[in-house]
Amino acid sequence: MLDSVIFYFFASIAVGSAALMVTRRNAVHSAIFLITTLLATAGIFLQLRAEFLFIVQIILYVGGIMVLFIFVIMLVNLDVALHQIKFARQKWVALIVALALSAQVGLMFWSSGKGGGQIWPGRNAAPANRLPPNAEAVAKSLFDAYLLPFEIASVLLLVAMIGAVVMAKKRA
Amino acid sequence: MQAAIQATIDFLKLYWAPLVCGVVIVAVLPLIVGYVVLVERKLMADMQARLGPMRVGPHGLLQPIADAVKLLIKEDIIPEDADKLVFWLAPVFSVGAALLAIGGLAFGPAFQIGVNLNIGLLFVVGISALGIFGIVLGGWASNSHYSLMGALRSAAQLVSYETAAGMALVSGLLLAGTLNIKSIVEAQASAGVWFGFLAPVAFFTYLVASIAETNRAPFDLPEAESELVAGYMTEFSGFRWSLYFLAEYTNMIVVASVATTLFLGGWLRPFAGTHWFTLKGLNGLDLLDLLPPLLILAVAAYCILRVPRQPTRVQQVFMLVVAGLCFVVALVLVGPVLLSALKPAMAEAVKPFYAGIHGGFWFIFKVSAYIYFFMWLRFTIPRYRFDQLMRLGWHFLIPLSIINVLLVGLSLIVGSYYHLQGWALLLATTPAAILGLVAALIILGIEQKNRARQEAVAVPDFYAG
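Residues numbered from 1 in each chain as written. Chains lettered and ligands numbered in written order. Predicted model: local features only at pLDDT ≥ 70, side-chain atom pairs only at ≥ 80, totals over all residues.

Within chain B, the secondary structure is distributed over 16 helices and 2 strands. Principal axes of the C-alpha set define a box for chain B whose edges measure 70 × 65 × 65 Å. The 465 residues of chain B split such that 41% are buried. The contacts in chain B between residues at least 6 apart in sequence include a share of 76% that link residues at least 24 apart. (Helix = DSSP H or I, 4+ residues; strand = E, 2+ residues; numbered from the N terminus. Buried ≥ 20, exposed ≤ 12 C-beta atoms within 10 Å, placed from the backbone. Contact = placed C-beta atoms within 7 Å.)

A word on the overall build of chain A. When you go through chain A residue by residue, the secondary structure sums to 7 helices and 0 strands. For chain A, the N- to C-terminal ordering of α and β elements is α-α-α-α-α-α-α. Relative to its full complement of 172 residues, chain A shows a buried share of 15%. Expressed as a percentage of contacts within chain A between residues at least 6 apart in sequence, the contacts between residues at least 24 apart total 55%.

All names here are of chain B. Even without being glycine, Ala 49 reaches a positive phi, approximately 55°. When you line up the elements, Ala 49 lands in the loop between α1 (2-47) and α2 (63-73). For Asn 215, which is not glycine, the phi dihedral falls at a positive 55°. Mapped onto the elements, Asn 215 comes out in the loop between α9 (200-213) and α10 (225-228).

Residues and elements named next belong to chain B. Here helix α11 (residues 238-263) spans 37 Å end to end across 26 residues, near enough to the 38 Å set by a 1.5 Å rise per residue. Among the 26 residues that make up α11, 23 are buried, leaving the element largely enclosed by the rest of the structure. Looking at the residues trailing α11, positive phi occurs at Gly 265, about 75°. (Expected span 1.5 Å × (residues − 1).)

Taken together, the 21 residues of chain B in the interface contact 20 residues of chain A. Those elements giving two or more residues to the side of chain B that touches chain A turn out to be α1, α4 (120-129), α5 (131-141) and α6 (145-176) of chain B. The residue makeup of the side of chain B that touches chain A, split by class, is 19 nonpolar, 2 polar and no charged. (Nonpolar A, V, L, I, M, F, W, Y, C, P; charged D, E, K, R; others polar.)

The next point concerns the packing of helix α3 (residues 51-75) of chain A against α4(B). Following both chains from N to C, one finds α3(A) and α4(B) inclined at 25°, their axes separated by 9 Å at the closest point. Classified by the angle between their axes, α3(A) and α4(B) sit roughly parallel to one another. Helix-helix and strand crossings are classified by hand; for α3(A) and α4(B) the assignment is left-handed. Contacts between α3(A) and α4(B) involve A:Ile55, A:Ile58, A:Ile59 and A:Gly63 from the first element and B:Leu122, B:Phe123, B:Gly126, B:Ile127 and B:Ala129 from the second. Among the residues forming the contact of α3(A) with α4(B), the class breakdown is 7 nonpolar, 2 polar and no charged. (Axes fitted to C-alpha atoms, helices over the stretch in contact; angles between N-to-C directions. Parallel < 35°, antiparallel > 145°, perpendicular 65-115°, else oblique. Left-handed = near helix turned anticlockwise from the far one by under 90°.)

This paragraph deals with the nonpolar core. Residues and elements named next belong to chain B. Formed by 136 residues in total, the largest nonpolar core has its most connected members in Leu 121 and Val 136. When residues of this core are assigned to their parent elements, the largest contribution, 17 residues, is made by α6. Apart from residues lying up to four places away in sequence, Leu 121 is in contact with Leu 169, Leu 173, Leu 179, Ile 181, Ile 184, Val 258 and Leu 262. (Core = buried A, V, L, I, M, F, W, Y, C linked by C-beta atoms within 7 Å.)

Residues and elements named next belong to chain B. Segmenting chain B into domains produces domain 1 (21-73), domain 2 (79-268 + 385-456) and domain 3 (278-378). Here domain 1 and domain 2 have C-alpha centroids that lie 25 Å from each other. Residue-level contacts link 11 residues of domain 1 with 11 residues of domain 2. Every element with two or more residues in the side of domain 1 that touches domain 2 is listed here: α1 and α2. (Domains from an automatic or database assignment.)

On to the environment of B:Gln310, then. Residue and element names in this part refer to chain B. Here Gln 310 is to be found in the loop between α12 (291-306) and α13 (313-342). Under the C-beta neighbour-count criterion, Gln 310 is labelled partly exposed, with 16 such atoms within 10 Å. For the pair formed by Gln 310 and Ile 184, sequence separation is 126 residues and the distance between their alpha carbons is 46 Å. When sequence neighbours within four positions are dropped, the list of residues in contact with Gln 310 reads Gln 315, Gln 316 and Met 319.

The next point concerns the confidence of the model for chain B. Detailed reading of the predicted coordinates is not advisable wherever pLDDT is low. Taken over all residues, the pLDDT of chain B has a mean of 81, while the share at 70 or more is 92%. Note on the complex model: pTM 0.83, ipTM 0.76. (pLDDT = per-residue confidence, 0-100.)

The next point concerns the packing of helix α3 (residues 84-102) of chain B against α4(B). Residue and element names in this part refer to chain B. Running from N to C, α3 and α4 point in directions that differ by 170°, and their axes come no closer than 8 Å. When the interaxial angle is binned, α3 and α4 end up roughly antiparallel. Residues Ala 97, Ala 98, Leu 100 and Ala 101 of α3 pack against Val 124, Ile 127 and Ser 128 of α4. Counted by class, the contact of α3 with α4 contains 6 nonpolar, 1 polar and no charged residues.

Its location among the elements puts B:Leu72 in helix α2. Considered as a pair, B:Leu72 and B:Leu427 are 355 residues apart in the sequence and their alpha carbons are 56 Å apart.

Before going further, it helps to spend a moment on the environment of B:Val170. Residue and element names in this part refer to chain B. Summarising the element assignment, Val 170 is placed in helix α6. Judged by local crowding, Val 170 falls into the partly exposed class, with 16 C-beta atoms found within 10 Å. Expressed as a C-alpha distance, the spacing of Val 170 and Ser 416, which sit 246 residues apart in the sequence, is 18 Å.

Structure (structure tokens):
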């Protein structure tokens with residue numbers, strides 16, 4: 001009961017502010033609504049007892065990436081950006097992507113309806129309050145079962161970081 | 001309807017204690033912050049050979065209340081061209097984040113709002129970092145160049161120093177092996193040594209980074225009054241301004257509490273968990289538990305000694321009242337110690353009070369010491385320039401903290417190889433700390449060389465103001 005109330009609360013905030021984010025004209029307002037969406041998503045993680053994902057979402061996306069977003073938005077000249085027609089050239093691409101995404105989501109709903117409410121039977125077997133501590137569980141799967149993909153991802157990030165540094169150096 | 005009421009009752013049954021604690025914190029914290037400000041002003045006055053606030057109440061003790069009233073009844077000005085909604089939202093965001101972060105902290109073995117939060121420390125650090133949005137958005141919404149400049153500086157500063165602080169926390173967490181705040185303190189109790197001794201380099205890094213994160217002098221560039229009027233707060237007045245102020249000092253309490261929990265043993269007394277001078281099964285170091293009441297008694301005695309020197313009747317009475325309050329506190333502190341020493345039968349029943357009261361004392365004591373250190377630095381070191389601040393963060397603290405994580409990890413591997421535990425672990429971590437110091441010196445040397453080269457081709461930095 002309480003779980004579903006919390007879920008719908010956060011979900012409606014997430015969806016509503018996502019819609020507001022797309023429709024706002026002012027870039028900073030959009031950024032604020034993106035922050036709200038990300039926070040609400042973090043809230044859903046918490047409702048699912050994934051407290052580590054909750055805090056990682058907040059630290060990385062809200063505390064890290066969004067601060068940089070707002071930083072950049074403030075640096076660029078907003079007056080020029082406001083007068084331009086935004087995203088006009090991407091209309092058809094956007095339509096195709098949106099259709100593909102909704103088809104995907106619809107497929108998921110359809111297949112989950114067929115499997116008796118469970119897409120992966122057995123995954124939902126453990127009751128939420130008897131799950132292992134989320135931070136430990138994530139760490140175990142990252143450094144044990146998925147060590148190689150994890151390392152590849154971190155090398156990828158390192159490459160991106162070095163690339164950014166090299167580009168910054170060239171310009172200076 | 002019935003079901004909803006039942007659900008509400010069940011909810012309240014489970015969560016009434018955290019809710020009450022939350023309300024108490026929100027209600028009491030502004031008062032505490034007010035008095036922290038008073039202490040800061042008095043300290044500043046003392047260091048500058050002045051008296052500080054003296055008019056409102058004896059020794060200016062009612063000054064915070066007068067200030068609060070003044071701030072609350074001031075006219076609330078919103079600039080004409082400001083983005084009204086964001087202007088309204090920004091200070092609330094700052095305060096909300098700071099207050100929420102307090103919820104994850106544990107002020108004693110018994111007093112914690114987010115009880116046994118598995119991600120405790122991460123929660124506190126992550127949520128308190130959200131306060132930056134209040135500053136950045138407030139600066140942007142004011143539609144003023146000073147404010148925007150302060151906000152930009154603040155964002156750059158926080159993002160830079162968060163990395164160093166995070167790495168310092170990782171070093172501490174390696175020692176603790178858990179994120180749960182209670183377990184971190186318990187790990188220090190079972191080790192018998194505070195992690196600040198095992199990872200001094202990490203403690204130093206966190207100390208510097210936490211000053212920068214709370215925008216305190218010497219790193220208070222976002223509100224450098226000689227350059228930016230008041231930085232992001234320039235256009236804020238009255239109540240909104242006081243909200244920013246509240247957020248800033250609450251953040252100070254939060255970082256001080258994090259440092260206390262991770263590096264200074266939380267609510268443990270000095271030498272908790274060690275048994276060095278045992279006699280007939282009694283731990284000689286337990287005598288240290290008499291330290292808090294004696295400290296408070298000393299304060300009371302000082303107050304009484306000063307009574308004849310007070311100029312007016314009111315001040316004399318006030319001093320006596322303070323002394324009396326100190327006596328009561330000392331009595332509360334000494335009570336459980338004496339009871340459990342004299343009547344071993346009572347020891348078990350008194351234990352929670354014993355741990356709770358003394359734990360609270362030590363935690364508040366350490367947090368106050370940390371904040372005192374902040375203030376001390378503020379009045380001692382002149383403000384940095386913005387490029388100096390950035391250089392210190394990126395070129396010194398971040399490399400040092402990353403190297404230190406590696407060193408602490410290595411020393412822990414060595415320690416577990418030789419089965420070192422507790423104080424013996426110092427054998428492994430001290431060489432690591434010395435290596436960290438050497439690394440710091442090497443980084444400084446490289447930095448010095450680089451700076452000489454850079455200053456030859458200086459590029460004007462337009463954030464520097």
